[in-house]
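Observations on chain architecture
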Amino acid sequence: MHRALISPYTNYDVLEKRDSLSWNDATRRAIAKRLSIPRVPRFFSERQWQTLDAVCRRILPQADDRPPIPIAALLDATLLIDDTQGFRTDPLPYDQDAWRLGLKALDIEAQAIYGAAFHVLPPSTQDGLLSRAQGGDLHHPAWQPMTAQLFFEKRILVDIPAMYYSHPTSWSEIGFGGPASPRGYVRMELNRRDPWEAIETSAPRIQEDPYAR
Amino acid sequence: MPVDFDSRPRAVAGRAPDVFDPKGGFVPMRSYDEDEAVDFVIVGTGAGGGTLAARLAELGFSVVAFDAGPFFRPLLDFASDETAQNSLYWTDKRVCDGENPIKMGGNNSGKAVGGSTVHFAMVSLRFRPEWFKSRSALGYGADWPLDWREMWHYYTVAERALAIAGPVHYPWGPKRPRYPYRAHEINAAGRLLAQGCEALGYRWAETPLATVSAPRGKSPPCVYRGFCRFGCSTNAKQSALTVWIPRALKAGAEIRDLAMVGRIEVDDQGLARGVHYVREGKWRFQRARHVVISAYAIETPRLLLNSATDRFPQGLANSSGLVGRNLMTQSNQAAWGRMEDQVRWYKGPPSLTITEHWNYEDRGKDFFGGYCWMGQGPMPIEWVSVQTGARGLWGERLRTEMMDYNHQIGVKMVGEMLPDEANRVTLDSDTDQYGLPIPRITYRWGDNDKRLIKHALDQMMMSLDSVGATKLFRQEDDTNHLAGTARMGFTPETSVVDADCRSWDIPNLWICDGSVFPTTGGVNPALTIQAIALRTADRIKALAIRGEL
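**Describing the overall build of chain A**
Helix and strand counts for chain A stand at 7 helices and 3 strands. Starting at the N terminus and walking to the C terminus, you meet the elements of chain A as β-α-α-α-β-α-α-α-α-β. Taken along the three principal axes of its C-alpha coordinates, chain A extends 55 × 45 × 30 Å. Relative to its full complement of 213 residues, chain A shows a buried share of 43%. Long-range contacts, defined here as pairs at least 24 residues apart, represent 71% of the contacts in chain A between residues at least 6 apart.

Quick look at the structure:
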């Protein structure tokens, strides 16, 4: 069944404030760079990229009504320039090695269980594998020295959402005010909104099979 | 370190960035020769080192202060963005282990002139007086060699220096003067915290904050943009970068940015004679009569351990074996829920209201120590990390929950964790980009810590429930500030430094930052670190006058 997630902020585009007093030049530079990120692998190999892209689609399925956020490309760039948090937690390797190792191991699990690469599996099967990783139920030696569960918790569920919610499209979707310097905000009370904030038009909702009506 | 930022030092050739100049100008800076033994070299320019650099220079000492990070110009460099501001944090290689490994990076570290005060949440609280005698008065932890009444004086000095905005009457603890600036307007998230406290019968207050509520010098009043923890791009924040560093420069201190100190050199008499540091890819040496380490609870012990010699094989100032031990973080769990109303918690400083009820109430506890809780306003990436970290959400469910962003509320604790010698910083065999052994950070929550956390989570859930929040959940696994690893104390056998932050083993080696805390209390540490630094500067002057330096 087709399901569509409908944002409560249908008419809001945070980028409309780009040239306003809510954005300073440093912000404009940073966001321009993010919006023009090359959508090709530079850190990952082609094969790793395919697996990663498939994982991203399951962790954060994208909106039908807005251009997709290039999650894999943003992560690729982050790892390439080492714009990470820097530390590692035993037994996980540093982020770059953890990602290369984890994507390879996930693909090996897919091959071992289903005889096919992760990225060609049907979405529900991919979800099943990811759920097993989250639940600590994948044990191929290829995960060593980490575990599937640690990789899922500490890398997949940390980095992929961080990339998605670093993108202005996601800010529009959740009604976040976005960059706010130097203007800031004036109306701080409950249920009050500055004119430059998002208007909520409905509650967030899942529309079941929207094309059938 | 991300490549975005121009990685050449800015404080060179007799001038340093003018942080208040929107055009990128400079202020004059005194420069010292490396062969000239300056009175004080200070390693680190945050809450401890920045404060000390200003005060020592103002008291007439020659000072060179080093920071491994860049000298930012907030008005020009700072974006309103969670990701782009990653350059403020200490993101060099580190390894964490133990039963409850600490999350490092942006969580609790800074790598910039001004240290982590550049991105701290500005919460400026005093310790409860009894905490300075927690062993003898409350039965846990260790006593401080400091008297609370003296600290009360230095808290007042620090609050004035930082123009703290806070309430006229603070409802807990002994009398204190009114805060220098009026309290900030309370946002919706802060109001809901207050309502919750009133329902439970607890007092609450506007949180004393180091961001100005009215113009002050070249700082404009806070505009409530909400990105405080990613650097203040308007200079309303009263950080070490905007308060102490300009004072230090004016008083004749030299600041060396992008200068990583890797080793303290000790001479044949067992005295410190200067520091080896890397700047622009070259190892250099600065002579000094005294060396102060203000590099915080990870880098301070790391530098002491990395400076080991034949004479001090266990590292410097470590005859007690306590360097690196008794590392403390603070419990930072939270309760979250959803309101029918629109809260829009991204507006304003994140923690505009607070309750310190359980810092001052000892009855009804099955644990030692205390905690406070404050209102919250996480930005989207931090918020999604709560949804994935605490609830394990992903897929369509995650995106749907995130669409409730503007209806969300939360309260988050700052809780006291007890010192434990097994929680510690050691050296790992791996090395960083400077070729220096990296720190290994080992941490485990004790039974007392777990009881305190459970108590706090139950209380915070009740407070959200009482304001009509629904879909409540607990964030069980988070910690924040650091302390310990070079504790102050009464004897050389049981501590690393004395009450004046002077090391017992090497009389011209000092440590002045959160590392010296014997216990960590249930409040954010920044104001206490600054109060200690103010006291240390006065003590150094007094000792100099008596010829005991």
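**Focus on the overall build of chain B**
Within chain B, the secondary structure is distributed over 12 helices and 22 strands. The C-alpha radius of gyration computed for chain B amounts to 22 Å, which stays within 12% of the reference 24 Å derived for 549 residues, consistent with globular compactness. Out of the 549 residues belonging to chain B, those deemed buried represent 60%. Across chain B, every contact between residues at least 6 apart in sequence was considered, and the portion connecting residues at least 24 apart equals 73%.

**Quick word on helix α5 (residues 188-200) of chain B**
Side chains three or four residues apart in an α-helix point the same way, a direct result of the helix having 3.6 residues per turn. Residues and elements named next belong to chain B. If you check α5, its first and last C-alpha atoms are 19 Å apart, about what 13 residues at 1.5 Å a residue would give, namely 18 Å. Every buried residue of α5 is accounted for by A188, A189, G190, L192, L193, A194, G196 and C197. Tucked inside the fold, the buried residues of α5 contact β15 (353-355), β16 (371-375), β17 (408-415) and α11 (447-466). Of the residues one or two after α5, G201 is the one with positive phi, at around 80 degrees.

**Structural notes on the interface of chain B and chain A**
Each side of the interface is counted separately: chain B has 58 residues, and chain A has 51 residues. Of all elements in the fold, only α2 (74-77), β5 (94-97), α5, α9 (380-391) and α10 (396-402) of chain B reach the threshold of two or more residues within the side of chain B that touches chain A. Judged from the 3 bridges that link them, strand β2 (residues 87-89) of chain A and β5(B) form a sheet pairing that is parallel. If you follow T89(A) over to β5(B), its bridge partner there is C96(B).

**What to know about the sheet that holds β5(B)**
Here we have 4 strands laid out as an open sheet, ordered β2(A)-β5(B)-β19(B)-β18(B), and mixed in their pairing. The sheet is open, and its two borders are formed by β2 of chain A together with β18 (424-431) of chain B, each paired with just one other strand. Strand-to-strand twist in this sheet, taken as the mean axis angle between neighbours without regard to direction, amounts to 30 degrees. Both β5(B) and strand β19 (residues 437-442) of chain B contribute to a ladder of 3 bridges, which runs parallel. Along β19(B), the bridge assignment pairs D97(B) with T442(B).

**Structural notes on unusual backbone geometry**
In the segment running from D90(A) into P91(A), the intervening peptide bond is cis, with an omega of 0 degrees. Structurally, the position occupied by P91(A) is in the loop between β2 and α4 (95-114). S181(A) connects to P182(A) through a cis peptide bond whose omega is 10 degrees. Among the structural elements, P182(A) can be located in the loop between α7 (168-174) and β3 (205-208). Residues other than glycine seldom take positive phi values, yet R344(B) does so here, at roughly 50 degrees. By the C-beta count within 10 Å, which is 31 here, R344(B) ends up buried. Phi angles above zero are rare outside glycine, and C501(B) is one such case at about 70 degrees. Relative to the helices and strands, C501(B) resides in the loop between β21 (479-483) and β22 (509-511).

**Concerning the pairing of strand β4 (residues 63-66) of chain B**
All names here are of chain B. With burial as the criterion, each face of β4 is covered, one bearing V63 and A65 and the other bearing V64 and F66. Note that strand β3 (residues 38-43) and β4 share 4 bridges and pair parallel. Counted as the bridge partner of V41 is V64 from β4. Viewed along the sheet, the connection from β3 through helix α1 (residues 49-58) into β4 turns out right-handed.

**Topic: the environment of N359(B)**
Residue and element names in this part refer to chain B. Along the chain, N359 falls in helix α8 (residues 357-360). Judged by C-beta crowding, with 25 C-beta atoms within 10 Å, N359 ranks as buried. Separated by 155 residues in sequence, N359 and W204 have C-alpha atoms that sit 12 Å apart. In contact with N359, other than residues within four places in its own chain, are R128, W172, G370, Y371, C372, G522 and V523.

**A few points about the pairing of β18(B)**
Residues and elements named next belong to chain B. Here β18 runs beside β19; their pairing, made up of 5 bridges, is antiparallel. In the strand pairing of β19, V425 is matched with I441. Here β18 folds back onto β19 in antiparallel fashion, the turn holding 5 residues, of which G435 has a positive phi close to 85 degrees.

**Here's the deal with α4(A)**
Residues and elements named next belong to chain A. Over its 20 residues, α4 runs 28 Å from end to end, which matches the ideal 28 Å to within 8%, given 1.5 Å per residue. Among the residues of α4, those classed as buried are D95, A98, W99, G102, L103, A105, L106, D107, E109 and A110. Positive backbone phi, at 70 degrees, marks G115, one or two positions downstream of α4.

**A closer look at the confidence of the model for chain B**
Predicted coordinates in regions of low pLDDT should not be interpreted in detail. Considering every residue of chain B, the mean pLDDT works out to 97; 99% of them sit at 70 or more. Low confidence marks residues 1-5 of chain B, where pLDDT is under 50. Its contacts with residues over four positions away, or in another chain, come to 11 contacts.

**Topic: the environment of K93(B)**
Position of K93(B) among the secondary structure elements: in the loop between α2 and β5. On the basis of neighbour count, K93(B) is assigned to the partly exposed category, with 16 C-beta atoms found within 10 Å. The spatial distance from the C-alpha of K93(B) to the C-alpha of L303(B) is 15 Å, given a sequence separation of 210 residues. For K93(B), the contacting residues outside a window of four places in its chain are G86(A), D430(B), D432(B) and I438(B).

**Regarding the packing of α4(A) against helix α6 (residues 148-164) of chain A**
In helix packing, the relevant descriptors are the interaxial angle and the interaxial distance, both defined with respect to the helix axes. Residue and element names in this part refer to chain A. With their axes 11 Å apart at the nearest point, α4 and α6 run at an angle of 125 degrees to one another. Classified by the angle between their axes, α4 and α6 sit oblique to one another. For the crossing formed where α4 meets α6, the hand is left-handed. Residues D95, A98, W99, G102 and A105 of α4 form the contact with α6, whose own contacting residues are A148, F151 and R155. Tallied by class, residues from the contact of α4 with α6 come to 5 nonpolar, 1 polar and 2 charged.

Calculation rules
Residues numbered from 1 in each chain as written. Chains lettered and ligands numbered in written order. Predicted model: local features only at pLDDT ≥ 70, side-chain atom pairs only at ≥ 80, totals over all residues. Helix = DSSP H or I, 4+ residues; strand = E, 2+ residues; numbered from the N terminus. Buried ≥ 20, exposed ≤ 12 C-beta atoms within 10 Å, placed from the backbone. Contact = placed C-beta atoms within 7 Å. Rg over C-alpha atoms; globule rule 2.2 N^0.38 Å. Expected span 1.5 Å × (residues − 1). Pairing = 2+ DSSP bridges. Axes fitted to C-alpha atoms, helices over the stretch in contact; angles between N-to-C directions. Right-handed = clockwise from strand over helix to strand, strands pointing away. pLDDT = per-residue confidence, 0-100. Parallel < 35°, antiparallel > 145°, perpendicular 65-115°, else oblique. Left-handed = near helix turned anticlockwise from the far one by under 90°. Nonpolar A, V, L, I, M, F, W, Y, C, P; charged D, E, K, R; others polar.

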